[in-house]
Amino acid sequence: QVQLVESGGGLVQPGESLRVSCAASGIIFRLYTMGWYRQAPGKERELVAGITSDGSTNYPDSVKGRFTISRDNAKNTVYLQMNSLKAEDTAVYYCKAQFNGINYWGKGTLVTVST
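About the criteria used
- Residues numbered from 1 in each chain as written.
- Predicted model: local features only at pLDDT ≥ 70, side-chain atom pairs only at ≥ 80, totals over all residues.
- Heavy atoms only, no water.
- Salt bridge = Lys/Arg side-chain N within 4 Å of Asp/Glu carboxyl O.
- Phe/Tyr/Trp six-rings, centres within 6.5 Å; stacked < 30°, edge-to-face > 60°.
- Helix = DSSP H or I, 4+ residues; strand = E, 2+ residues; numbered from the N terminus.
- Buried < 20%, exposed > 50% of the residue type's maximum accessible area, 1.4 Å probe, protein only.
- Lys NZ or Arg CZ within 6 Å of the ring centre and 35° of its normal.

1. Remarks on the pattern of salt bridges
Consideration 1: As enumerated under the stated definition, the model contains four salt bridges in all.
Consideration 2: It is possible to trace a salt-bridge network through shared partners that takes in Arg38, Glu46, Arg66 and Asp89.

2. A word on the packing of aromatic side chains
Consideration 1: Evaluation of the coordinates by the stated rule reveals three aromatic pairs.
Consideration 2: Here the aromatic rings of Tyr32 and Tyr104 are separated by 6.4 Å at their centres, their planes lie at 40°, and the arrangement is tilted. Here Tyr104 lies in strand 10 (residues 102-105) and Tyr32 lies in the loop between strand 3 (18-25) and strand 4 (33-39), a separation of 72 residues in the sequence.
Consideration 3: With relative accessibility at 27%, the residue Tyr104 sits in the partly exposed group.
Consideration 4: Between Tyr37 and Trp105 the ring centres are 4.9 Å apart and the planes differ by 65°, which places this aromatic pair in the edge-to-face class. With Tyr37 in strand 4 and Trp105 in strand 10, this pair connects stretches of sequence that are 68 residues apart.
Consideration 5: Of the residues examined, Tyr37 reaches a relative accessible area of 16% and is grouped as buried.
Consideration 6: With relative accessibility at 37%, the residue Trp105 sits in the partly exposed group.
Consideration 7: Counting every residue linked through ring pairs, the aromatic cluster contains Tyr32, Phe99 and Tyr104.
Consideration 8: Over the ring of Tyr94 we find Arg45, and its NZ or CZ is 3.7 Å from the ring centre.

Below you can see the structure in the form of structure tokens.
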């Protein structure tokens, strides 16, 4: 049974940092491309960071320079370090695992950036 479990979300103030994690089980983690997506109320889900099995990363311009994705294959975990958070980063953050056209999603963790 495949499980992706996100953790680490919470309430932070603008300018602060937060790291969210996604622990995977039931897959050969090192083979999978991992991604972090987010969905704000009333908006479509969007990619915020991706990392391939060989460690190549990609980010949209909206988070480039502020967010960093990393993975620990020994722990079957992918991380998203978020710095200089803005109110517009408020969303539910989801983890996705992708391999050979098969996608698995976690249930998400809420990140709220507010004073």
